[in-house]
Amino acid sequence: MQDYSNDRRVVMTLDAGGTNFVFSAMQANKFVVESFALPSNADHLQRSLDTLVKGFERVRDKAPAAPVAISFAFPAPADYFNGIIVGPRNLPAYRDVALKAMLEDRFGVPVFINNDGDLFAYGEAAAGFLPYVNGLLEQAGSPKRFRNLFGVTLGTGLGGGIVREGQLFTGDNSVAGEIWLLRHKFGAELNAEEGASIRAVRRAYAEKAGLAFEEAPEPKVIFEIAEGRAQGDQAAAHEAFRRMGEVAGDAISNAITLLDALVVIGGGIAGAHRQFLPAIVDEMNSTYLAPNGERFRRLIPQAYNLEDPAQLDEFLRGQTKELPVPGSSRTVKFDGLQRTGVGISRLGTSEATAIGAYAFALRSLEK
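Read on for a plain summary of the structure.

Analysis parameters
- Residues numbered from 1 in each chain as written.
- Predicted model: local features only at pLDDT ≥ 70, side-chain atom pairs only at ≥ 80, totals over all residues.
- Heavy atoms only, no water.
- Axes fitted to C-alpha atoms, helices over the stretch in contact; angles between N-to-C directions.
- Helix = DSSP H or I, 4+ residues; strand = E, 2+ residues; numbered from the N terminus.
- Parallel < 35°, antiparallel > 145°, perpendicular 65-115°, else oblique.
- Left-handed = near helix turned anticlockwise from the far one by under 90°.
- Contact = heavy atoms within 4.5 Å.
- Nonpolar A, V, L, I, M, F, W, Y, C, P; charged D, E, K, R; others polar.
- Pairing = 2+ DSSP bridges.
- Buried < 20%, exposed > 50% of the residue type's maximum accessible area, 1.4 Å probe, protein only.
- Phe/Tyr/Trp six-rings, centres within 6.5 Å; stacked < 30°, edge-to-face > 60°.
- Lys NZ or Arg CZ within 6 Å of the ring centre and 35° of its normal.
- 1 Å grid on protein atoms, 1.4 Å probe; cavity = no way out; pocket = protein on both sides within 12 Å on 5 of 7 lines; lining within 4 Å.
- Points joined across faces, edges and corners; volume = space filled by probe spheres on them.
- Polar contact = N/O pair within 3.5 Å; in protein donor to acceptor, adjacent residues only side chain to side chain.
- Patch = residues over 30% accessible without salt bridge, like charges linked within 9 Å, V, L, I, M, F, W, Y side chains within 5 Å.
- Areas by Shrake-Rupley, 256 points an atom, 1.4 Å probe, with all protein chains shown as cover.
- Salt bridge = Lys/Arg side-chain N within 4 Å of Asp/Glu carboxyl O.

The subject of this paragraph is the packing of helix 5 (residues 198-209) against helix 7 (residues 234-259). Running from N to C, helix 5 and helix 7 point in directions that differ by 140°, and their axes come no closer than 8 Å. Our classification of the angle between helix 5 and helix 7 gives oblique. Relative to helix 7, the crossing made by helix 5 is right-handed. Counted together, Val 201, Ala 204, Tyr 205, Lys 208 and Ala 209 of helix 5 and Ala 236, Ala 237, Glu 239, Ala 240, Phe 241, Arg 243 and Met 244 of helix 7 form the full contact between these two elements. Residue composition of the contact of helix 5 with helix 7, grouped by class: nine nonpolar, no polar and three charged.

Turning next to the pairing of strand 18 (residues 320-324). Direction of pairing for strand 18 relative to strand 19 (residues 331-335): antiparallel, over a ladder of five bridges. The residue bridging Thr 320 from the neighbouring strand is Asp 335, located in strand 19. The antiparallel pairing of strand 18 with strand 19 creates a hairpin that spans six residues between the two strands, and Gly 327 there sits at a positive phi of about 75°.

The subject of this paragraph is the sheet that holds strand 1 (residues 10-16). The strand order across the open sheet built from five strands is 3-2-1-4-8, with neighbouring strands paired in mixed fashion. At either end of the open sheet lies a strand with only one pairing partner, and these are strand 3 (30-39) and strand 8 (111-114). On average, adjacent strands in this sheet sit at an angle of 20° to one another, irrespective of strand direction. Where strand 4 (residues 69-73) lies against strand 8, four bridges are found, and the strand directions are parallel. Across the sheet, Ile 70 pairs through a bridge with Val 111, a residue of strand 8.

Here we come to the pairing of strand 20 (residues 339-344). If a strand is regular, its side chains alternate between the two faces of the sheet. Of all six residues that make up strand 20, six are buried, and the element is covered over most of its length. Pairing analysis gives three bridges linking strand 14 (residues 262-266) to strand 20, with the strands arranged parallel. Bridge pairing in strand 20 links Ile 265 to Ile 344. For strand 17 (residues 302-305) and strand 20, the ladder comprises four bridges, and the chain directions are parallel. Following the sheet pairing, Ala 303 is matched in strand 20 by Thr 340.

Okay, the packing of aromatic side chains next. The final tally for this structure, using the stated rule, is 15 aromatic pairs. Here the aromatic rings of Phe 56 and Phe 72 are separated by 6.0 Å at their centres, their planes lie at 40°, and the arrangement is tilted. Of this pair, Phe 56 sits in helix 1 (residues 45-62) while Phe 72 sits in strand 4, and the two are 16 residues apart along the sequence. Note on Tyr 288 and Phe 296: the rings are 5.7 Å apart at their centroids and 55° apart in plane angle, and the pair reads as tilted. On the basis of relative accessibility, which here comes to 43%, the residue Phe 296 falls in the partly exposed class. Sitting over the face of the ring of Phe 107, Arg 106 holds its NZ or CZ atom 5.4 Å from the ring centroid. Cation over ring: Lys 144 sits above Phe 146, and NZ or CZ is 5.2 Å from the ring centre.

Over the atoms, a rolled probe matching the size of one water molecule traces out where space is still vacant. By volume, the largest pocket amounts to about 1600 Å³. Lining the largest pocket we find 50 residues, and of these Pro 75, Asn 115, Asp 116, Gly 117 and Thr 153 sit closest to its centre. For the lining of the largest pocket, the element with the highest residue contribution is helix 10 (residues 349-366), accounting for five residues. The residue makeup of the lining of the largest pocket, split by class, is 23 nonpolar, 21 polar and six charged. Computed from the structure, the second largest pocket encloses a volume of approximately 480 Å³. Lining the second largest pocket are 21 residues, with Phe 81, Asn 114, Thr 170, Phe 360 and Ser 364 sitting closest to its centre. Those elements that provide at least two residues to the lining of the second largest pocket are strand 8, strand 11 (167-169) and helix 10. With four residues, the single largest contributor to the lining of the second largest pocket is strand 8.

Here we take up the side chain of Ser 71. Secondary-structure assignment places Ser 71 in strand 4. According to the relative accessible area criterion, Ser 71 is buried, its value standing at 0%. At a separation of 2.7 Å, a polar atom in the side chain of Ser 71 contacts the main-chain carbonyl oxygen of Ala 357. Not counting residues up to four positions away in its chain, the partners in contact with Ser 71 are Val 11, Met 12, Thr 13, Leu 14, Phe 112, Ala 357, Tyr 358 and Ala 361.

Looking at the element boundaries, Glu 193 is found in the loop between strand 13 (187-191) and helix 5. Within the local environment of Glu 193, its side chain forms a polar contact with the backbone nitrogen of Leu 158, the two atoms lying 2.9 Å apart.

Moving on: a nonpolar patch on the surface. Where nonpolar side chains cluster on the molecular surface, the patch consists of Leu 323, Val 332 and Phe 334 and spans about 210 Å² of accessible area. As for its position among the elements, Phe 334 is in strand 19.

Here is the structure:
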């Protein structure tokens, strides 16, 4: 992907939440306007739109150069390509609002709106996990390089984003990468998000510890319990994260079967990866049972936990050898190990999303 870390163009950005709109601007993959929040007025459309205009005017006035675009994530459902917000739950005033066109009319620059999961993945592909892994492969002398990335966010919900060959893949209805709607491994009538989210970890801990759901602590505390740094049911904490990892790993496996890509994980639960990432990778490396009783791999590529030093070393080493070119004295280097890797965001979810918005805008302008 294009490296924008030295680009002098400025793009205005927004973190749109149900309570506040947080405004800023980016230049060369870094914030250049100190972020500030204004009330989103989620249930009053005109006030909310006035807030957007006021916020972006303030950013424009503080920016070190004239902004060339506005780019941000806004809650779904939406027709992101055309910039029409259809009806997000946490911003109920927005019902079929042509937000992109309104902002372009007001500010005279192109406006790009996307899903936060998509922009997280794009930011990690542009300046985070993807170049990090490829840089390690280069340092190791491997000929292997990755070009595709699947971003997964684990937090209040389960989100996803797809980057293919440097392009963000959003689909024809702006709903590509919706991993949360895959089937729950342990409940045919449930979606995967019910097993891989904050509430899922709390629910599993409560069940194992014999508590009511309302009595279960937040995942951060459950992680501390699992690590032995807080009082609680340690076995229940381990199992809550392991179970979440298995459900998430099942959904990720279904996605990677079609995408064949690296996987990067972010979101509010990502910090607890020591407790769930092994279960994700184990599920990806699990097997199916054939009618004749034989077992075969669920995924063609071997999955590696890139936060585990031993697995990272094996991943980087691969199976490299020199192959003779028929009819020539030349040889070519070949790595025959088909593999994928799963790791944690190198940027942090918020920064990755902002960099994704920045990179998406600049790439779109160049196209």
